[in-house]
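# Examination of the molecular architecture
Single-letter residue listing:
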Amino acid sequence: FTYHRLEFRPFRWLGFGISEMQMVGGKTPGYENLLPVLYWHNTYSSGNSNVMAMADVWTVPLPGLLVYGEFIMDDSKSSSESGESKPNCWGWEAGATAVLPVGGPDWTLTVNVEYSHVDQWTYNRWQPYLTMYQRQTLTGGWDGLDIPLGHPQGGDVDQVGVRLVAMTRRGRRLELGYAWICKGPTYLGRIEQWTGEDGETISVPVYYDYDSWTGDGELDALLGSTKKHSHVVSLKALWPLGDHWSIDAGVDWSLILNAAHIEGNTDMETVWRIGLIGKIGS
C-alpha cells in the first residue's frame, strides 16, 4: 500500500489537496510502484495494482467555522466505452464544523455536520488481493474482519451525521453523535460459488460483471435492491488520568431497518468499547 499527497495553502483561510493511493498485489512491489501519478497504473502494473485519486478543499470563511469537501475517483467511464464497461466508481463528502459561543474559559464546544456518498462498486476489484480493504484474520485463520480503506461502510452507501464535541486544553473530550446510514447490498470481497451447465463449480467474485460469468440477471437476483437503513447514536469519551494515561471509551447504539437487506426486518445493535492509552516520555 502506497500513498502520495500534495497540499497547497495560498491563504491562511484556504487550502487544497490532491492525493493518490495504491494497493499492490499478486507480485513483489517494484520501484515503479513508488512513482507519483500512479493513477496511470496500467502503464506500470497492469493487473497487479489498484489505485484511486482524490482531491479535497477546506476553508475558514469566518472565525470559528471550518468548511470542507472531498472527492475520490476509483474508476471513471468515458462516453466512448460500451455499456458493459465498468461504471463510474466515485465518492464524495461535504461538511462543516463550527465553534459554539458557549463553554466558558476551559471547555470548547463544537458542532459538526457531514454528508458522504460512495458509489456501488467503489473500492472494489474482482481480485480479492486488490480490493481496497485490509483483512484482519482471526485466530484459526478461517474468518476475519474486513476494514475498508475508505468509508467505514465500504461502497454503496449514503450517510448523514451530526456530532457535538466538548473538549478542554487538558485533553478531556466528550462526543455525542447521530448518523443516518443508507447501505446498499454490495460488500467488499464477496465471492459466491456458481455451478455451470457442465456441473463444474467455480468461485465468482461479486462484481459489476458477475452476469458474464453466470447468466443474465443473476447479479440482481443475488444482491436484490433492498437497502439497509441504520439510525446510530454514539457517545465517546477521552479522559486523561494524570500526565501519562488516558481512558478511551465509547458506545454505539443502532436501530437497523431492513436488517440483512430483508424488507421489514428490524434489528438493534449495541457496541461497547474501552481502552487505556499510555504516553511514553515527558
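My aim in this report is to walk through the structure given alongside it, one point at a time. Remember, it's a predicted structure, so these values are computed and weren't measured experimentally.

Another aspect to go through is the environment of isoleucine 247. Along the chain, isoleucine 247 falls in strand E14 (residues 245–257). The sequence separation of isoleucine 247 and phenylalanine 11 amounts to 236 residues, and the corresponding C-alpha distance is 38 Å. Residues within four places of isoleucine 247 in sequence aside, it is in contact with Ala237, Leu238, Trp239, Leu241, Ile274, Gly275 and Leu276.

We now examine the pattern of salt bridges. Under the definition given, this model contains 8 salt bridges. Note that arginine 5 is salt-bridged to glutamate 7, the shortest N-O span being 2.9 Å. Judged by relative accessible area, which is 33%, arginine 5 ranks as partly exposed. A relative accessible area of 49% means that glutamate 7 is categorised as partly exposed. A salt bridge links arginine 163 to glutamate 175; the nearest nitrogen and oxygen atoms lie 3.7 Å apart. Taken together, the positions of arginine 163 in strand E9 (residues 157–168) and glutamate 175 in strand E10 (residues 173–183) put the pair 12 residues apart, joining distant regions of the chain.

Right, let's talk about a nonpolar patch on the surface for a bit. On the surface, a nonpolar cluster with roughly 780 Å² of combined accessible area is contributed by Val113, Val162, Leu164, Leu176, Tyr178, Val233, Leu235, Trp253 and Met268. Its relative accessible area of 37% is what places leucine 164 among the partly exposed residues.

Describing an aromatic ring pair means giving the distance of the ring centres and the angle of the ring planes. On inspection of all chains with the given rule, the structure shows 5 aromatic pairs. Both rings, one in phenylalanine 11 and one in tryptophan 13, keep their centres 5.2 Å apart while their planes meet at 10°; by these two values the pair is stacked. You can call phenylalanine 11 partly exposed: its relative accessible area is 45%. Ring-pair connections join several aromatic residues into one group, and the members of that group are Trp121, Tyr207 and Tyr208. Sitting over the ring of tyrosine 187, lysine 183 keeps its end group 3.9 Å from the ring centre.

Take the pairing of strand E4 (residues 65–75) next. Where strand E3 (residues 49–62) lies against E4, 8 bridges are found, and the strand directions are antiparallel. Each residue of the ladder has a partner; that of valine 57, found in E4, is glycine 69. Between the antiparallel neighbours E3 and E4 lie 2 residues, among them glycine 64 with a positive phi of about 85°. In this sheet, strand E5 (residues 89–99) lies alongside E4 in antiparallel orientation, the contact comprising 10 bridges. Paired with valine 67 across the strands is alanine 96, a residue of E5.

Conventions we followed
- Residues numbered from 1 in each chain as written.
- Predicted model: local features only at pLDDT ≥ 70, side-chain atom pairs only at ≥ 80, totals over all residues.
- Heavy atoms only, no water.
- Helix = DSSP H or I, 4+ residues; strand = E, 2+ residues; numbered from the N terminus.
- Contact = heavy atoms within 4.5 Å.
- Salt bridge = Lys/Arg side-chain N within 4 Å of Asp/Glu carboxyl O.
- Buried < 20%, exposed > 50% of the residue type's maximum accessible area, 1.4 Å probe, protein only.
- Patch = residues over 30% accessible without salt bridge, like charges linked within 9 Å, V, L, I, M, F, W, Y side chains within 5 Å.
- Areas by Shrake-Rupley, 256 points an atom, 1.4 Å probe, with all protein chains shown as cover.
- Phe/Tyr/Trp six-rings, centres within 6.5 Å; stacked < 30°, edge-to-face > 60°.
- Lys NZ or Arg CZ within 6 Å of the ring centre and 35° of its normal.
- Pairing = 2+ DSSP bridges.

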